[in-house]
Amino acid sequence: QVQLYDSGGGLVQAGGSLRLSCAASGRDFVLYTMAWFRQAPGKEREFVTAAHWGSSSTTLYVDSVKGRFAISRDNAKNTVYLQMNSLKPEDTAIYYCAADRFGDLRQFPAAYESWGQGTQVTVSS
C-alpha cells in the first residue's frame with residue numbers, strides 16, 4: 001500500500017491557477033490508479049479526476065472541471081499532479097489525492113485504498 005502526501009493548495013483569485021502535487025511512498029506506484037477528490041464544507045467528497053494505472057493518458061474528469069483541470073503523473077518521481085486553471089469560487093474545497101491498486105477509473109471514494117491528508121484550495125471572487 002502506498003502512503004500519499006498532498007501539497008500545493010493555497011488562496012487564489014478567481015481566474016487564477018494552482019498546481020497540486022501528491023507524492024507517494026511505497027512500492028509499485030505505477031500499479032495504482034491515481035485520483036483527486038475534493039470536499040467543500042457541508043458537502044460530500046466529490047470525484048474530480050483520475051488517471052489509470054495502465055495508461056496515464058486514460059483519464060476521467062467530472063464535467064464541472066473539464067477543460068480547466070488536468071491530471072498528470074510522473075511515475076519516475078512517484079508523483080501525481082493536478083493543474084487547475086481558470087479557477088472559480090465553487091472550486092473552493094479541500095483536495096485529496098487517492099490511490100487504487102489495479103483500479104479502474106472509479107468515481108466513488110470507497111474504491112480507493114490510500115488517501116492523502118488533503119490540501120486546502122480557496123478561490124476568492
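Here is a short report on the structure shown in this document. (Residues numbered from 1 in each chain as written. Predicted model: local features only at pLDDT ≥ 70, side-chain atom pairs only at ≥ 80, totals over all residues. Heavy atoms only, no water.)

With that settled, consider the packing of aromatic side chains. All told, the structure shown has six aromatic pairs when counted by the stated rule. Taking 5.1 Å as the distance between ring centres and 80° as the angle between the ring planes, the aromatic pair formed by Trp53 and Phe102 counts as edge-to-face. Taken as a pair, Trp53 in the loop between β5 (46-51) and β6 (59-61) and Phe102 in the loop between β9 (93-101) and β10 (114-115) lie far apart in primary sequence, 49 residues in all. Classification of Trp53 by relative accessible area gives partly exposed; the value is 31%. Judged by centre distance (6.4 Å) and plane angle (70°), the rings of Tyr112 and Trp115 are edge-to-face. By relative accessible area, which is 5% here, Tyr112 ends up buried. The exposure class assigned to Trp115 is partly exposed, which follows from its relative accessible area of 27%. Here the aromatic cluster, defined as three or more aromatic residues joined through ring pairs, consists of Phe37, Phe47, Tyr96, Tyr112 and Trp115. Over the ring of Trp115 we find Arg45; its NZ or CZ atom is 4.8 Å from the centre of that ring. (Phe/Tyr/Trp six-rings, centres within 6.5 Å; stacked < 30°, edge-to-face > 60°. Helix = DSSP H or I, 4+ residues; strand = E, 2+ residues; numbered from the N terminus. Buried < 20%, exposed > 50% of the residue type's maximum accessible area, 1.4 Å probe, protein only. Lys NZ or Arg CZ within 6 Å of the ring centre and 35° of its normal.)

In this structure, Asp28 is a non-glycine residue whose phi angle is positive, near 65°. Here Asp28 lies in the loop between β3 (18-25) and β4 (32-39). Of note in the backbone geometry, Phe102 takes a positive phi value of approximately 55° without being a glycine.

This next bit is on the sheet that holds strand β7 (residues 69-74). Pairing within the open sheet is antiparallel, and its four strands lie in the order β1-β3-β8-β7. Both outer strands of the open sheet, β1 (3-7) and β7, are each paired with one neighbouring strand and no more. Between one strand axis and the next, the sheet turns through 15° on average, direction left out of account. Taken together, the six bridges between β3 and strand β8 (residues 79-84) define a ladder with antiparallel strand orientation. Bridge assignment links Leu20 to a residue of β8, and that residue is Leu82. (Pairing = 2+ DSSP bridges. Axes fitted to C-alpha atoms, helices over the stretch in contact; angles between N-to-C directions.)

Honestly, it's all geometry; don't read function into it.
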